[in-house]
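These are the residues of each chain, in order.
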Amino acid sequence: MKKKNTPLILAAAICVLSLIVMIFALTGQKQPQAAGEFTPPPFDSAAVVGTPTVPDGLGYSELDCQVYKVSLCGKLNASGDIWLTNPESNEVWLKVRVLDEKGNILGETGLIRPGEYVQTVELTNAPKAGTPITLKIMAYEPDTYYSAGAASLNTTLR
């Protein structure tokens, strides 16, 4: 009778051991963290409601990005006068990021709503005049922060 019960006892022991291993694996496992969670950008505290009166000679013009329009200065100087304007007709929030040739961020505005503008972008570690830079315009759908597209303007710092 002992020999008949041995396989049954062995199978029961394996089941119990398997159950212990499964419980340990399920309770001891850390939850995976979401890679690169999105942090919504803040709104620009210097945003002004209205349309700016921009001095001549800064290359201020409107760009049609199909989904939205944006106006800004293509001739950015070291003081950061960009005059980023989000026309009232837009349905997106806008911001601009200033990048060097290697893609390093030199400065960026906060978000601006339709009908607002920001005169300057603060440049940290501003490069020398004549340095190639990229103005990356980023658009977000209100409240959801889904991307509404991006556009880049290559220029040089004055």
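In this text, all values refer to a predicted model and were calculated from it rather than measured experimentally.

1. Some thoughts on the sheet that holds strand β6 (residues 105-108)
Consideration 1: One open sheet holds the four strands; their spatial order is β6-β5-β8-β9, and the pairing between them is antiparallel. Strands at the two margins of the open sheet, each flanked by one partner only, are β6 and β9 (147-156). Between one strand axis and the next, the sheet turns by 20 degrees as a mean value, whatever way the strands run.
Consideration 2: Here strand β8 (residues 132-140) runs beside β9; their pairing, made up of nine bridges, is antiparallel. Across the sheet, Pro132 pairs through a bridge with Thr156, a residue of β9.

2. Digging into the pairing of strand β5 (residues 93-99)
On a regular strand, each side chain points to the face opposite its neighbour's, so the side chains alternate between the two faces of the sheet.
Consideration 1: Most of β5 sits inside the fold, with six of its seven residues counted as buried.
Consideration 2: Two strands pair when backbone bridges link them, and β5 and β8 are joined in this way by seven bridges, in the antiparallel orientation. Note on β8: the bridge partner recorded for Trp93 is Tyr140.
Consideration 3: Where β5 lies against β6, three bridges are found, and the strand directions are antiparallel.

3. A closer look at unusual backbone geometry
Consideration 1: Here Gln66, not a glycine, exhibits a phi torsion of approximately 70 degrees, which is positive.
Consideration 2: Of note, Gln66 is situated in the loop between β2 (60-64) and β3 (69-73).
Consideration 3: The exposure class assigned to Gln66 is exposed, which follows from its relative accessible area of 78%.
Consideration 4: Positioned with a positive phi, Trp83 is a non-glycine residue whose angle comes to about 50 degrees.
Consideration 5: A relative accessible area of 9% means that Trp83 is categorised as buried.

Criteria and thresholds
Sequence order as written defines residue numbering, which begins from 1 separately in each chain. Side-chain atom pairs in this predicted model are given and counted only at pLDDT of 80 or more, local residue features only at pLDDT of at least 70, and totals for whole chains, interfaces and linings cover all residues. Hydrogen atoms and water are omitted, and side-chain values are computed over all heavy atoms in the structure. DSSP calls a pair of strands paired once it identifies at least 2 bridges connecting them. Note on conventions: DSSP H or I runs of at least 4 residues are helices, E runs of at least 2 residues are strands, and numbering of each starts at the N terminus. A fitted line through C-alpha atoms represents every axis, and for helices the fit uses only the stretch in contact; the resulting angles, taken between N-to-C directions, go from 0 to 180 degrees. Think of it in three bands: with a 1.4 Å probe and only protein chains considered, a residue is buried below 20% of the maximum accessible area for its type, exposed above 50%, and partly exposed in between.

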